[in-house]
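Survey of secondary and tertiary structure
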Amino acid sequence: MSETVISVRNLTKRFGDFTAVNNISFDVYRGEIFGFLGANGAGKTTAMRMLCGLSYPTSGSGTVAGFNVMREGEMIKRHIGYMSQRFSLYNTLTVGEKIKLFAGIYGLSKQVTAKRSEELLARLKFSSERDTLVKALPLGWKQKLAFAFAGIHRPEIIFLDEPTGGVDPVTRRQFWEMIYEAAEGGTTIFVTTHYMDEPEYCSRVSIIVDGEVRALDTPTRLKQQFNAVSMDEVFRMLARDAQRGE
Amino acid sequence: MNVIEVNNLSKGYGKVKALDSISFSVKRSELFGLIGPDGAGKTTLFRLLTTLINPDEGSATVDGLDIIKDYRKIRSRVGYMPGRFSLYPDLTVEENLAFFAAIFGVKVKDSYDLVAPIYKQIEPFRKRQAHNLSGGMKQKLALSCALIHHPSVLFLDEPTTGIDAVSRSELWDMLKNLKEKGITILVSTPYMDEAFLCDRIALCNEGRILGIDTPQGIIEQFDSKLFEVRADNMFALLEAARQVEGVAECYPFGQAHHLVADDNFNMYRFKEQLGTFSNLTITPTEPTIEDVFINLMKQ
């Protein structure tokens, strides 16, 4: 694993006097499941927005999917996948329509869209649901679909922002199996979560405290380093030292 | 006496049965947890017990009062913190508190002893408008407002959803203190690891209760053998383990996979069949609430 998909150095974001993200540097490699943890207010969302091309850093340098984080936000947006916590937009579309919508946004041709649509529905065993309204699906199904949509244009990296919030434990595990499978296939996964068993599934985990990356390693080595039995414990040890409130 | 008594309560929205004939009871000063994912019916249950909606079938009492007949009396005796922040965003912290006190016809100072441990943490910001508070502070204000009339029962709908692990522990500490002051608490959460902070829990899914007991009692309901398995390639291991005879289930569980064995399972045969995996280990382990939940969901 040497090919980097994300490589950033000294990324900083200031809002007036407030430094939300302070000099963060790290690399994420192809096919990794990279966990991104932080307490509320630690700067996690601000950092993710910069990595997704939604906001430009105040200073720093780096690339995401081969594009410059300082000035190629539009290109980054086209070459990454993104799934947010709540999949609520355009719920009055059917499953098939929503696939077309996503494919259209990413500029896929009609032929490619038709092909990917078949593949996606077959893989999820959703072929019978093509004409079902998205809003009528159970939450777990919606989340699985959302993940598939985020990858419709075969991005090198998919950002998942708390993808399993409120999902039942069986579906939550099925969701992680989809993540594993995508990563096995070479897609890089960048994921945030509040479920403290989930960092254990990650290849590497970074923990952000007061806008800085305070820890970054494999779950096994982090637990050794902090002499903790679980990632939950590691997280609490670091988050408790936070100086800044929410 | 039971402070909350629920008998065969049902509520539907169109074709969806949000609550499907559920029954349970909560004793005085109990901290009772409803544990389950979205769509379990937790919010519907709160709305029924706080008299905001009426049931299709069944009955329930809160503090000995009927949720339909005595709805006015119930409203003055319960505190309710909905899942979504529902204070007035353009009122300041202290104005919100004074407003809720006025609605219930009490004076802030009369209930101050109960509210103080929580309210003191946000008092430095008392002149700030509620919409400018952080998530954790909003929650402390909402809890203060829910307590201002000294309720005998407190209903908290997913107070820990979306907040980080540290703030979550703080909230549970506050609930423990309130319980010690004699307040009965019904609280819901999607986080299974919070179950052990409750006296008793109900595991809920899709409008039904899968099991009710103390957290330890729930764990003891798990009657299969459970193992922890690991190897270098965890994803391939998952697929391979499921093919072995005697493996009822195998699912990711933090750093290891959990393997539920049936009567035909043989550990040595398992190791032999998966001999190609490097660093394969399998060890017996104790089930958690989440294992029980998964098991009950699949029945």
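Residues numbered from 1 in each chain as written. Chains lettered and ligands numbered in written order. Predicted model: local features only at pLDDT ≥ 70, side-chain atom pairs only at ≥ 80, totals over all residues.

Moving on: the overall build of chain A. Scanning chain A for helices and strands turns up eight helices and ten strands. Across the 246 residues of chain A, 43% fall into the buried class. In chain A, the proportion of contacts linking residues at least 24 apart, taken out of those at least 6 apart, comes to 68%. (Helix = DSSP H or I, 4+ residues; strand = E, 2+ residues; numbered from the N terminus. Buried ≥ 20, exposed ≤ 12 C-beta atoms within 10 Å, placed from the backbone. Contact = placed C-beta atoms within 7 Å.)

A word on the overall build of chain B. Looking only at helices and strands, chain B has ten helices and 14 strands in total. Projected onto its principal axes, the C-alpha positions of chain B cover 70 × 45 × 35 Å. Within chain B, contacts between residues separated by at least 24 positions form 69% of all contacts whose residues are at least 6 apart in sequence.

Let us look at the interface of chain A and chain B. It is common to give the size of an interface as the accessible area lost on bringing the parts into contact. The interface is formed by 29 residues belonging to chain A together with 26 residues belonging to chain B. Looking at which element gives the most residues to the side of chain A that touches chain B, the answer is helix α6 (residues 169-184) of chain A, with seven residues. Across the side of chain A that touches chain B, the residue classes tally to 13 nonpolar, six polar and ten charged. (Nonpolar A, V, L, I, M, F, W, Y, C, P; charged D, E, K, R; others polar.)

Attention shifts here to the sheet that holds strand β11 (residues 225-230) of chain B. Residue and element names in this part refer to chain B. Taken in spatial order, the four strands make up an open sheet running β12-β13-β11-β14, and their pairing is antiparallel. The open sheet has two edge strands with one neighbour each: β12 (247-253) and β14 (281-284). Strand-to-strand twist of the sheet, defined as the mean angle between neighbouring strand axes without regard to direction, takes the value 25 degrees. Of the pairings in the sheet, the one linking β12 to strand β13 (residues 256-261) comprises six bridges and is antiparallel in character. The residue of β13 that forms the bridge with V247 is A261. Along the sheet face, helix α8 (residues 234-242) touches β11, β12 and β13 and points at about 165 degrees away from the line of β12. (Pairing = 2+ DSSP bridges. Axes fitted to C-alpha atoms, helices over the stretch in contact; angles between N-to-C directions.)

Moving on: unusual backbone geometry. All names here are of chain B. Despite not being glycine, S21 shows a phi value in the positive range, around 50 degrees. Following the sequence through the fold, S21 ends up in strand β2 (residues 16-27). For E158, which is not glycine, the phi dihedral falls at a positive 45 degrees. By the secondary structure assignment, E158 is in the loop between β7 (153-156) and α6 (165-180). What makes E158 buried here is the crowd of 22 C-beta atoms within 10 Å.

Quick look at the sheet that holds strand β10 (residues 212-217) of chain A now. All names here are of chain A. Across the sheet, which stays open at both edges, the six strands sit in the order β6-β7-β8-β3-β9-β10 with mixed pairing between neighbours. Edge positions in the sheet fall to β6 (80-83) and β10, since each has one partner strand and no second. Neighbour to neighbour, the strand axes of the sheet diverge by 20 degrees on average, direction disregarded. By the bridge criterion, four bridges tie β6 to strand β7 (residues 157-161) in an arrangement that is parallel.

A few words now on the nonpolar core. L49, F155, I185 and L203 of chain B are the most contacted members of the largest nonpolar core, which has 83 residues in total. Of the residues forming this core, the biggest block, six residues, is contributed by helix α5 (residues 135-147) of chain B. In this structure, this core is formed jointly by two domains, domain 1 (2-219) and domain 2 (225-298) of chain B, each of which donates at least three residues. Once residues lying within four places of it in the same chain are set aside, the contact partners of F155 of chain B are F46, L49, T50, V78, G79, Y80, M81 and L186 of chain B. With 68 residues, the next largest nonpolar core counts I24, M50, W176 and M196 of chain A among its residues. (Core = buried A, V, L, I, M, F, W, Y, C linked by C-beta atoms within 7 Å. Domains from an automatic or database assignment.)

Residue and element names in this part refer to chain B. Once the domains are mapped, chain B shows domain 1 (2-219) and domain 2 (225-298). Once you take the C-alpha centre of each, domain 1 and domain 2 turn out to be 38 Å apart. Every contact between the two is made by nine residues of domain 1 and, on the other side, seven residues of domain 2. Sorting the residues of the side of domain 1 that touches domain 2 by element identifies β9 (200-205), β10 (208-213) and α7 (215-220) as the ones contributing at least two each. A per-element tally of the side of domain 1 that touches domain 2 places α7 first, with three residues. Grouping the amino acids of the side of domain 1 that touches domain 2 by side-chain chemistry returns seven nonpolar, two polar and no charged.

A few words now on α8 of chain B. Along α8 of chain B, the residues that are buried comprise L237, L238 and A241 of chain B. Down the axis of α8 of chain B, the sector holding all buried residues measures 105 degrees, keeping them to one side. (Arc of directions from axis to C-beta.)

Once that is clear, we can look at the pairing of β7 of chain B. Residue and element names in this part refer to chain B. Residues of β7 alternate between two faces, with V153 and F155 on one and L154 and L156 on the opposite face, all of them buried. Alignment of β7 against strand β8 (residues 184-189), held across four bridges, turns out to be parallel. Among the inter-strand pairings, L156 is bridged to a residue of β8, identified as V187. Once you follow β7 into α6 and on to β8, the crossover reads as right-handed. (Right-handed = clockwise from strand over helix to strand, strands pointing away.)

This brings us to the confidence of the model for chain B. The share of residues in chain B with pLDDT of 70 or more is 100%, and the mean pLDDT across the chain is 93. Interface predicted TM-score (ipTM) for the complex: 0.81; the corresponding pTM is 0.87. (pLDDT = per-residue confidence, 0-100.)

What follows is about the pairing of β9 of chain B. Residues and elements named next belong to chain B. Examined bridge by bridge, strand β3 (residues 31-35) and β9 share four bridges and lie parallel to one another. When the sheet's bridge partners are listed, L34 is paired in β9 with A202. Joining the antiparallel neighbours β9 and β10 is a turn of two residues, in which E206 adopts a positive phi near 45 degrees.

Another point: the environment of D66 of chain B. Residue and element names in this part refer to chain B. For D66, the location among the structural elements is in strand β5 (residues 65-66). C-beta crowding within 10 Å serves as the criterion here: with 15 such atoms nearby, D66 is assigned to the partly exposed category. Along the sequence, D66 and H149 sit 83 residues apart, while their C-alpha atoms lie 20 Å from each other. Setting aside chain neighbours within four positions, we find D66 in contact with S59 and T61.

Okay, the environment of A215 of chain A next. Residues and elements named next belong to chain A. One can find A215 in strand β10. C-beta crowding within 10 Å serves as the criterion here: with 18 such atoms nearby, A215 is assigned to the partly exposed category. Placed ten residues apart in sequence, A215 and V205 show a C-alpha to C-alpha distance of 7.8 Å. Sequence-distant contacts of A215, that is, excluding residues within four places in its chain, are made with S206, I207, L222, V234 and L238.

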